[in-house]
Amino acid sequence: MQLNDVHRGITKHRPRKRIGRGPGSGTGKTSGRGHKGHKSRSGYSRKPNFQGGAMPMFRRVPKRGFNNRWALTIFAVNVGKLNDAFNDGETVTLEALAAKNLAKGNFDELKVLGDGELTKKLTIQAHRFSKSAEEKISAAGGTAEKLAPKRTPDERVEALKSEK
């Protein structure tokens, strides 16, 4: 390819293609649609998953199990990470976790798990706590405050229905 070939044939304001204007135009008679078939008909539109009449991929692939689209997304954080990130006597909230890049992404509820050691006295606000996490928090002299759930299952179903 030559440098002067790069823009050859590219015009800024190309005139529109006039179809169905006689045999001399090159797009007369069938107007570039060919003879017969679906694509020659007016009002034809192909579905995005159409694969030329072959069995579509989404029907060929086996489907297993159940995907619960109403399930809560729960973000889990371990007490060991909280011990490293927070100072003694601090309050651990969702905003504080986000500020320290410990809680990322979209989630419905926060759960504190008991992996790691907790030596600092922290007040932790979360939706859920594992038994071992609660024990470690109370053993370190801190408190575990349970938050109310963001949405009830009925509210989640209503939200999904309104999205459609």
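All values reported here derive from a predicted model rather than from experimental measurement.

(A) View of the side chain of Thr-27. Among the structural elements, Thr-27 can be located in the segment before α1 (57-60). Residue classification places Thr-27 among the buried residues on the basis of a relative accessible area of 14%. For Thr-27, the side chain forms a polar contact with the main-chain oxygen of Arg-18, separated by 3.1 Å. Excluding anything up to four places from it in sequence, Thr-27 contacts Lys-17, Arg-18, Ile-19, Gly-20, Arg-21 and Gly-22.

(B) Main features of the packing of aromatic side chains. Under the criterion given, the structure shown has 1 aromatic pair. The interplanar angle of 25 degrees and the centroid separation of 5.2 Å between the aromatic rings of Phe-75 and Phe-107 together place this pair among those described as stacked. Residue Phe-75 is found in strand β1 (residues 74-78), and its partner Phe-107 is found in the loop between α3 (94-99) and β3 (109-113); the two are separated by 32 residues along the sequence. A residue is classified by how much of its surface remains accessible, and Phe-107, at 16% relative accessible area, is buried. The residue whose ring lies beneath Lys-100 is Phe-86, and the NZ or CZ to ring-centre distance is 5.0 Å.

(C) Summary view of the sheet that holds strand β5 (residues 128-129). The sheet built from 3 strands is open, its strands ordered β1-β3-β5 with parallel pairing. Where the open sheet ends on each side, the last strands, each with one partner, are β1 and β5. Here 5 bridges tie β1 to β3, and the two strands are oriented parallel to one another. Note on β3: the bridge partner recorded for Ala-76 is Lys-111.

Cut-off values and rules
- Residues numbered from 1 in each chain as written.
- Predicted model: local features only at pLDDT ≥ 70, side-chain atom pairs only at ≥ 80, totals over all residues.
- Heavy atoms only, no water.
- Helix = DSSP H or I, 4+ residues; strand = E, 2+ residues; numbered from the N terminus.
- Buried < 20%, exposed > 50% of the residue type's maximum accessible area, 1.4 Å probe, protein only.
- Polar contact = N/O pair within 3.5 Å; in protein donor to acceptor, adjacent residues only side chain to side chain.
- Contact = heavy atoms within 4.5 Å.
- Phe/Tyr/Trp six-rings, centres within 6.5 Å; stacked < 30°, edge-to-face > 60°.
- Lys NZ or Arg CZ within 6 Å of the ring centre and 35° of its normal.
- Pairing = 2+ DSSP bridges.

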